Amino acid sequence: MTNAKLTSLMARGTAFLGCDVAIMCGAMSWVSERNLVAAISNAGGFGVIACGAMTPDLLDREITATKALTNKPFGVNLITMHPQLFDLIEVCARHEVGHVVLAGGLPPKGSIDAIKAKGAKLICFAPALSLAKKLTRSGVDALVIEGMEAGGHIGPVSTSVLAQEILPEMASQLPVFVAGGIGRGELIAGYLEMGAAGVQLGTRFACASESIAHPNFKKSFFRASARDAIASVQIDPRLPVIPVRALKNDGTEAFTAKQREVANLLDSGSVDMMEAQLQIEHYWAGALRRAVIDGDVEGGSLMAGQSVGMVTKEEPVADIIAQLMAEAAVALERRSA
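Owing to the predicted nature of the structure, the values given are computational and were not obtained by experimental measurement.

Trainee: When you look at the overall build of the chain in this model, what are you seeing that I'm missing?
Mentor: Summing up its helical and strand segments, the chain has 13 helices and twelve strands in all. Relative to a compact globule of 337 residues, whose C-alpha radius of gyration would be 20 Å, the chain shows 19 Å and is just as compact. Overall size of the chain, expressed as C-alpha extent along the three principal axes, is 65 × 45 × 40 Å. Taking all 337 residues of the chain together, 53% fall into the buried category. Expressed as a percentage of contacts within the chain between residues at least 6 apart in sequence, the contacts between residues at least 24 apart total 65%. Computed over 30 positive and 34 negative side-chain charges, the inter-centroid distance for the chain is 3 Å.

Following this line, the structure appears as structure tokens:
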């Protein structure tokens, strides 16, 4: 009976995503690539390729390689400020990608129509109720509300507060997925009961057996606690930098120096605001690659959410999903007793 209830609560999310379990994988640059994405989709969840700073040719190859590993649905996450955004949208359309996730700000003019023109469903991030309403009016098909407990780029509000603000008003209008700080199934059950269509987890999957992350990167996660995952600090109010949550190391200090460098370029007129923000994004992409691929856990970026303390060992994606679902089922059973 309990599993039936869990299935029922996830039904809207699974129908929307086309998978068995309404658990999306957060798009983690260098981590959410063909191997992890395919493994999550094959295990019944919904994998999402992190396009990040990829060129259209690289994305084309990544989608092709992912299709070779799974025949299950998966999505592609695109960054709104990417200078070749519309070329990337065209790559997704050519491959008939069913779901596109736009992150990094409001969709630029024409992007929503371009994505939906070929039948893809569009998922966007809503860091506030007002933006959730605006995106819904714009024709977005689903929302992700991600709190500041998450890893990588974060907003200023906690997941629990966002869920209380947004789910009661928006869950009846379109599927809403909750993200940020989720490490156990009991919390998934709670958000489903509040009206969420499903959830998104990143940190919990970063150290899966199928993740290509360097062993040093994974060991850093296993040793870390929630308080080790800290948010970056903006040092110049003239340079709007979205905070990034990562494990504290030398790379955290290096980002402070990078901000000063970019702010000076902005002040001198050497770069405009868009270029300044792109330089910051490219810094993170490079720093993350050094940690994930090269294993430089001191100088690279160890992006992680506050749920990192619940990542204690390397295990297959299928086991992670099964554990989360079992925990959620037990929680629902307790509440109905």
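Trainee: Help me out: how do you make sense of the pattern of salt bridges in this one?
Mentor: Note on pairing: side chains with opposite charge can pair once their charged atoms come close. Taken as a whole and assessed by the stated rule, the structure comprises 13 salt bridges. Between Asp60 and Arg94 there is a salt bridge, and its shortest N-O distance comes to 3.6 Å. Of this pair, Asp60 sits in helix H3 (residues 56–69) while Arg94 sits in helix H4 (residues 85–94), placing them 34 residues apart in sequence. A salt bridge links Asp141 to Lys116, with the nearest nitrogen and oxygen atoms 3.3 Å apart. Highlighted residues: Asp141 in the loop between helix H6 (129–138) and strand S6 (142–146) and Lys116 in helix H5 (residues 111–116), separated in sequence by 25 residues.

Trainee: How should the state of the cysteines be read in this particular structure?
Mentor: A covalent bond between the sulfur atoms of two cysteines is what we call a disulfide. The final tally for this structure, using the stated rule, is zero disulfides. The structure places no disulfide on Cys25, whose sulfur is separated from the nearest cysteine sulfur, that of Cys207, by 12 Å.

Trainee: Looking at this structure, I do not really get the nonpolar core. What am I missing?
Mentor: One recurring pattern in soluble globular proteins: nonpolar side chains tend to sit buried together. In terms of nonpolar packing, the biggest core is built from 98 residues, with Ile23, Leu59, Leu78 and Phe205 touching the most fellow members. Tallying contributions element by element places helix H13 (residues 317–336) first for this core, with nine residues. Residues in contact with Leu78, not counting those within four places in the same chain, are Cys51, Leu59, Leu85, Leu88, Ile89, Cys92, Val100, Val101, Leu102 and Ala103. Core analysis: the next-biggest nonpolar cluster, separate from the first, contains 13 residues, Cys19, Ile123, Ala142 and Ala197 among them.

Criteria and thresholds
- Residues numbered from 1 in each chain as written.
- Predicted model: local features only at pLDDT ≥ 70, side-chain atom pairs only at ≥ 80, totals over all residues.
- Heavy atoms only, no water.
- Helix = DSSP H or I, 4+ residues; strand = E, 2+ residues; numbered from the N terminus.
- Rg over C-alpha atoms; globule rule 2.2 N^0.38 Å.
- Buried < 20%, exposed > 50% of the residue type's maximum accessible area, 1.4 Å probe, protein only.
- Contact = heavy atoms within 4.5 Å.
- Lys, Arg positive; Asp, Glu negative; His and termini not counted.
- Charge placed at Lys NZ, Arg CZ, Asp CG, Glu CD.
- Salt bridge = Lys/Arg side-chain N within 4 Å of Asp/Glu carboxyl O.
- Disulfide = S-S within 2.5 Å.
- Core = buried A, V, L, I, M, F, W, Y, C linked by side-chain atoms within 4.5 Å.

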